[in-house]
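Spelled out, the chains give:
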Amino acid sequence: MRAWRALALALLALLPIRAGAEGCRLALVLAVDVSSSVDAAEYDLQRVGLAAALDAEEVRHAILRGAPGHVALAVYEWSGFYQHKLQLDWSVLDSPAAIDAAVETLLKMRRSHDEFPTSMGPALGYGASLLQNGPVCERRVIDVSGDGVNNYRYGPREAYRHFPMQDVTVNGLVVLGEDPSVLTWYGAEVLHGPGAFLVVANGFDEFTEAMTRKLYREINDIILGSVTRPGPHG
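Since the model is a prediction, treat every value here as computed from it, not as a measurement.

J.: Let's hear about a nonpolar patch on the surface: which residues, and what values?
T.: A surface patch of nonpolar side chains, about 180 Å² in accessible area, is lined by L176, L183 and V200. Looking at the secondary structure, you find L176 in the loop between β5 (169–175) and α7 (182–190). Exposure remark for L176: the relative accessible area of 30% places this residue in the partly exposed category.

What follows is the structure, given as structure tokens:
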């Protein structure tokens, strides 16, 4: 077990679980890349990895640990200009059973598209609309993962200018592979809002671990100065 996970579990063990807290502390949207650069095996690693990360002991405990309010979660896939598919509609994660149900839904996801380019701007616009029509929460976060840069139509900067993103934080999970520019591009173009941060997976084989770390930080609103910055878009 890695040091960060051991520390997380040690700290969370000191906190009681209190399901059903009133109000919503976090509306979290997970945006999953299904563009043509992601093959079938890599898609399965993402699908299983999402479910495993949500099911991880430290993530479950973070969700239910008793901080005021609950976590609401939605998940969608994205690729081309119009290719967006809501896979998990807004779910209130206020009990172990609710988390179980969300994990089961993620495990049963069927890929929506596989032959379209990477169109990040419309994907973020879809996420903004999802948040706007979702629950009212203290924090609103879009967690976008991918293995490539925008290569079709408009990118993140245009989305941040034209969609309701003023109080939304966008974090990134970069999957390193054939495109050496993706990490720099995510850092310069994707991160948005106070405390926005990147997590890196060295290939899709590390997706589960990277997503677990990312969810833990997002749910606990942890700020780590060495890998966190406000972002150039607000």
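J.: Give a description of empty space enclosed by the protein that names residues and reports values.
T.: If you walk through the whole model with that rule in mind, you get two cavities of 30 Å³ or more. Looking at the second largest cavity, its volume works out to about 40 Å³. Around the second largest cavity sit L28, L30, L54, I63, V71, L73, L93, L215 and I219, which together line it. Mapped onto the lining of the second largest cavity, the elements with two or more residues apiece are β1 (24–33), β2 (70–78) and α8 (207–220).

J.: Could you give me a rundown of the pattern of salt bridges, with the residues and numbers involved?
T.: Throughout the structure, instances matching the rule amount to 10 salt bridges. In this structure, the salt-bridge partner of R60 is D100, at a minimum N-O distance of 2.2 Å. Residue R60 is found in helix α3 (residues 57–64), and its partner D100 is found in helix α4 (residues 96–107); the two are separated by 40 residues along the sequence. Relative accessible area serves as the criterion here: at 15%, R60 is assigned to the buried category. Residues participating in the shared-partner salt-bridge network are D55, R60 and D100.

J.: Describe α8, listing the residues and the values that go with them.
T.: The terminal C-alpha atoms of α8, which comprises 14 residues, lie 20 Å apart, in line with the 20 Å expected from a rise of 1.5 Å per residue. Along α8, 11 of the 14 residues are buried, which leaves the element largely enclosed by surrounding structure. Every buried residue of α8 is listed here: F207, A210, M211, T212, K214, L215, Y216, R217, E218, I219 and N220. One or two steps after α8, the chain reaches D221, where phi turns positive at roughly 55 degrees.

J.: With reference to specific residues and values, describe the sheet that holds β5.
T.: One open sheet accounts for six strands, arranged β3-β2-β1-β4-β5-β6; its pairing is mixed. The open sheet terminates on both sides in strands that have one partner only, identified here as β3 (84–93) and β6 (198–201). Put simply, the sheet's adjacent strands are angled 15 degrees from each other on average, direction ignored. Across six bridges, strand β4 (residues 139–146) lies against β5 in parallel orientation. Paired with D143 across the bridge in β5 is N171. Of the strands in this sheet, β1, β2, β4, β5 and β6 are in contact with α8, which crosses β4 at around 165 degrees.

How each quantity is defined
- Residues numbered from 1 in each chain as written.
- Predicted model: local features only at pLDDT ≥ 70, side-chain atom pairs only at ≥ 80, totals over all residues.
- Heavy atoms only, no water.
- Patch = residues over 30% accessible without salt bridge, like charges linked within 9 Å, V, L, I, M, F, W, Y side chains within 5 Å.
- Areas by Shrake-Rupley, 256 points an atom, 1.4 Å probe, with all protein chains shown as cover.
- Salt bridge = Lys/Arg side-chain N within 4 Å of Asp/Glu carboxyl O.
- Helix = DSSP H or I, 4+ residues; strand = E, 2+ residues; numbered from the N terminus.
- Buried < 20%, exposed > 50% of the residue type's maximum accessible area, 1.4 Å probe, protein only.
- 1 Å grid on protein atoms, 1.4 Å probe; cavity = no way out; pocket = protein on both sides within 12 Å on 5 of 7 lines; lining within 4 Å.
- Points joined across faces, edges and corners; volume = space filled by probe spheres on them.
- Expected span 1.5 Å × (residues − 1).
- Pairing = 2+ DSSP bridges.
- Axes fitted to C-alpha atoms, helices over the stretch in contact; angles between N-to-C directions.
- Contact = heavy atoms within 4.5 Å.

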